[in-house]
Amino acid sequence: MMAPRARAALGLCAAAAAVGAEVLACHLALTRIPLGLAAGSALLGLHVGAAALSAEALRLRSRGAPEGHAAVGLGLTLLVPVLGVIGTLLLALFPPAVRTQAVADSQEQERARAMARLQAERRSEQVVDTDVQSIVDALKDPDLAVRLGAMDALRTLKGAAAVRLLKISRTNTAFDVRFRAVEALGEMSQRASDGVNEALQAVDEDVEDPERWCALGDAYAEYRDLGLEDAVMQQSLSTQAESCYRTAWELAPHEARFALRLASALERLERYEDAREVLSGTLGAGHADPASVYLGLARVAFRQGRVPALEGLSRQALRADRGHLAPDDRAALAYWAGEA
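Quantities reported herein were computed from a predicted structural model and do not represent experimental measurements.

K.L.:
Whenever I open this one, the overall build of the chain confuses me. Can you help?
P.N.:
Along the backbone of the chain there are 15 helices and 0 strands. Taking the intrachain contacts of the chain between residues at least 6 apart in sequence as the baseline, contacts between residues at least 24 apart amount to 52%. If you sum the accessible surface of the chain, you get close to 20,100 Å²; carbon and sulfur atoms cover 58% of it.

This is the structure in structure tokens:
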């Protein structure tokens, strides 16, 4: 593809050549009167050539719809001798931009698409357990082709459940199954590592952006949640996630979601008092959803075995909820509060 500057230069050269051809045609018409056959043919050739050069000039100089610009240059020069090529030169020097108006989708169409995507995601979540159980059964089938088909299906799944099955498949009696399981685990580990590296690069580009630190923490946490690595590496990933969330919270202490992520990471590291301190400070600042904060405090109380505090915090979370808590969280809180 030709560079924009080269196109512009060639377009201007073509426009200048068109003017030159038209000037030569005018000179021929004025000095060879009456025109003979040869002079007339030359005059016509020069005029048509000028029109062709005009078309090419506007095509190269166009900012949109090059075919339309070329037709303008051709028709203008052919139909309006002399003045047409001058107009073409002006258009080549100052090419107008062609506005293209995208057809905006109606709000109803966008809403329908969003609903379809949501329904597709929910259907996918509902069939995961069924798919996993089917794969478990297929991996025990005596037919090798069925086992290999199950492995191909397993490689399309994501998450910790898929990782657990792949790890189990490394001890399958069929070599091909064991090989594909190791290969799939390597691919998943590489993708997770690539996600961390991309987030690290984003942080390096702007270390003062709390969103990038939070995204890096998410990358570490997602890698950890897959359960791909050994215990030491899993602990390291948890520690890295906590450090990133803490940096994000320190850069933007008014953002409650960073504090909630930090508290969750601390809870994962079994640093329950630290998590409770972060959550209590967030609740006191008044810039977080109280239900989410009380839910976090209730989880910490559950981990610590503080039953009386757990019951009270669960009731506070349920009272504060304005429909933002997930159904599973509400069910757990209702159980802890003795309302189930």
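K.L.:
Would you mind showing me how to read the pattern of salt bridges here?
P.N.:
Tallying each qualifying case throughout the model produces 16 salt bridges. A salt bridge links Arg212 to Asp209, with the nearest nitrogen and oxygen atoms 3.3 Å apart. Accessibility expressed as a relative area gives 27% for Arg212, which makes it partly exposed. Counted as one network, the salt bridges with shared partners bring together Glu242, Arg246, Arg271 and Asp274.

K.L.:
Got a minute to help me understand the packing of aromatic side chains in this structure?
P.N.:
Two aromatic rings, taken as a pair, are described by how far apart their centres are and by the angle between their planes. Throughout the structure, instances matching the rule amount to 2 aromatic pairs. Taking the centre distance of 5.1 Å and the plane angle of 25° together, the rings of Phe302 and Trp336 count as stacked. Of this pair, Phe302 sits in helix 13 (residues 290-304) while Trp336 sits in helix 15 (residues 327-336), and the two are 34 residues apart along the sequence.

K.L.:
Whenever I open this one, the confidence of the model for the chain confuses me. Can you help?
P.N.:
Low pLDDT means the predicted atomic positions in that stretch should not be read closely. Of all residues in the chain, 84% have pLDDT values of 70 or greater, and the mean over the chain is 81. Per-residue pLDDT stays below 50 along residues 99-105; that stretch engages in 1 contact with residues further than four places along the chain or on separate chains. Counting interchain partners and residues more than four positions distant, the pLDDT-below-50 stretch residues 122-130 has 0 contacts.

K.L.:
Before we go on, may I ask you to explain helix 7 (residues 160-169) in this structure?
P.N.:
Every α-helical turn comprises 3.6 residues, leaving residues that sit three or four positions apart pointing alike. For helix 7, the set of buried residues is Ala162, Val163, Leu165, Leu166 and Ser169. For helix 7, the angular spread of buried residues about the axis comes to 165°, placing them on one side. Those residues of helix 7 that are exposed and angled more than 90 degrees off the buried face are Arg164 and Ile168.

K.L.:
How do you make sense of helix 2 (residues 37-61) when you look at a structure like this?
P.N.:
Under the 1.5 Å per step criterion, the end-to-end length of helix 2 is 36 Å for 25 residues, consistent within 8% with the ideal 36 Å. Among the residues of helix 2, Ala39, His47, Ala50, Ala51, Ser54, Ala55, Ala57, Leu58, Leu60 and Arg61 are the ones counted as buried.

K.L.:
Got a minute to help me understand unusual backbone geometry in this structure?
P.N.:
Negative phi values dominate among residues other than glycine, just as trans dominates among peptide bonds. In this structure, Glu270 takes a positive phi of about 65° despite not being glycine. Considering the arrangement of structural elements, one finds Glu270 in the loop between helix 11 (256-268) and helix 12 (272-285). Assessed through its relative accessible area of 58%, Glu270 is described here as exposed.

K.L.:
Sorry, what's going on with the environment of Leu166 here?
P.N.:
With respect to the secondary-structure elements, Leu166 resides in helix 7. For Leu166, a relative accessible area of 0% corresponds to the buried category. Along the backbone, Leu166 and Ala181 are 15 residues apart, and their C-alpha atoms lie at a distance of 5.2 Å. Ignoring anything within four residues of it in the chain, the contact list for Leu166 reads Met151, Leu154, Ala181, Ala184, Leu185 and Met188.

K.L.:
Whenever I open this one, the nonpolar core confuses me. Can you help?
P.N.:
The nonpolar side chains of soluble globular proteins are, as a tendency, buried together. With 68 residues, the main nonpolar core has Leu154, Leu166, Leu216 and Leu333 as its most contacted residues. A per-element tally of this core places helix 8 (residues 175-205) first, with 9 residues. Counting residues in hydrophobic clusters, the runner-up holds 5 residues, among them Ala14, Ala15, Leu58 and Ala92.

K.L.:
What should I look at first to understand the environment of Leu58 in this one?
P.N.:
Position of Leu58 relative to the elements: it lies in helix 2. On the accessibility criterion, Leu58 (3% relative accessible area) is buried. Along the backbone, Leu58 and Leu93 are 35 residues apart, and their C-alpha atoms lie at a distance of 9.4 Å. Leu58 has contacts with His69, Ala70, Val72, Gly73, Thr88, Leu91 and Ala92, leaving out every residue within four places of it along the chain.

Calculation rules
- Every chain begins its residue count from 1, and numbering advances along the sequence as written.
- With pLDDT at 70 or above as the cut-off, local features in this predicted model cover only qualifying residues; side-chain atom pairs require 80 or more to be listed or tallied, and sums for whole chains, interfaces and linings still use all residues.
- Excluding hydrogens and water, the side-chain figures rest on all heavy atoms present in the structure.
- For the purposes of this entry, the term helix denotes a DSSP run of H or I that reaches at least four residues, the term strand denotes a run of E that reaches at least two, and both are numbered from the N terminus.
- We call two residues in contact when some of their heavy atoms are within 4.5 Å.
- To measure how exposed things are, a 1.4 Å probe is used in the Shrake-Rupley method; for residues, cover is taken only from the protein chains shown.
- By convention in these notes, a salt bridge is any Lys or Arg side-chain nitrogen within 4 Å of a carboxyl oxygen on Asp or Glu.
- Remark: exposure states derive from per-residue accessible area (1.4 Å probe, protein chains only) relative to the maximum for the residue type, with buried under 20%, exposed over 50%, and partly exposed in between.
- Aromatic pairing here means that ring centres of Phe, Tyr or Trp (its six-membered ring) are within 6.5 Å. Orientation follows from the plane angle: under 30 degrees is stacked, over 60 is edge-to-face, and everything else is tilted.
- pLDDT expresses, on a scale from 0 to 100, how confident the predictor is about each individual residue.
- Here the arc refers to the set of directions running from the helix axis out to each C-beta atom.
- Multiply 1.5 Å by the residue count of a helix minus one, and that product is the helix's expected span.
- Among buried residues, the Ala, Val, Leu, Ile, Met, Phe, Trp, Tyr and Cys ones that are joined through side-chain atoms within 4.5 Å form a nonpolar core.

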